[in-house]
Amino acid sequence: MWTEKNNSLTKTFKFKDFQEAFAFMTRVAFLAEAQNHHPNWSNVYNTVVIELNTHDAGDIVTEKDHKLAKAIDQI
């Protein structure tokens with residue numbers, strides 16, 4: 001579930017291992033590039049944390065963020 005706080009949508013994803021986490025990040029990268037909307041994210045071993053906000057709108061959550069979050073959930 002995505003959480004909205006501090007002007008960003010945030011979600012933590014856990015995977016079996018680093019390889020699965022990295023594969024997920026690769027898929028998200030292509031999706032984000034296609035939407036021209038790039039996440040702030042981090043990865044440690046099997047955990048990926050994604051934060052979304054719209055820089056062009058003053059670093060707040062917009063419909064663009066909700067659209068990308070929904071697409072990420074489809075992966």
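As shown above, the structure is provided for reference.
What you see is a predicted model; the values in this text were computed from it and never measured.

Asks: Go over helix H1 (residues 18-35), please, and point to the residues and values.
Replies: Helical geometry note: an α-helix holds 3.6 residues per turn, so side chains three or four residues apart project in the same direction. Helix length check: H1 (18 residues) gives 26 Å between terminal C-alpha atoms against 26 Å at 1.5 Å per residue, within 8%. Taken together, the buried positions of H1 are occupied by Ala21, Phe24, Met25, Val28, Ala32 and Gln35. The buried residues of H1 occupy one face: seen down the axis, they fall within an arc of 100°. Exposed residues on H1 whose side chains face more than 90 degrees from its buried face are Gln19, Arg27, Phe30, Glu33 and Ala34. In this structure, the buried residues of H1 make contact with strand S2 (8-14), strand S3 (40-44), strand S4 (47-52) and helix H2 (63-73).

Reading guide: rules and limits
Residues numbered from 1 in each chain as written. Predicted model: local features only at pLDDT ≥ 70, side-chain atom pairs only at ≥ 80, totals over all residues. Heavy atoms only, no water. Helix = DSSP H or I, 4+ residues; strand = E, 2+ residues; numbered from the N terminus. Expected span 1.5 Å × (residues − 1). Buried < 20%, exposed > 50% of the residue type's maximum accessible area, 1.4 Å probe, protein only. Arc of directions from axis to C-beta. Contact = heavy atoms within 4.5 Å.

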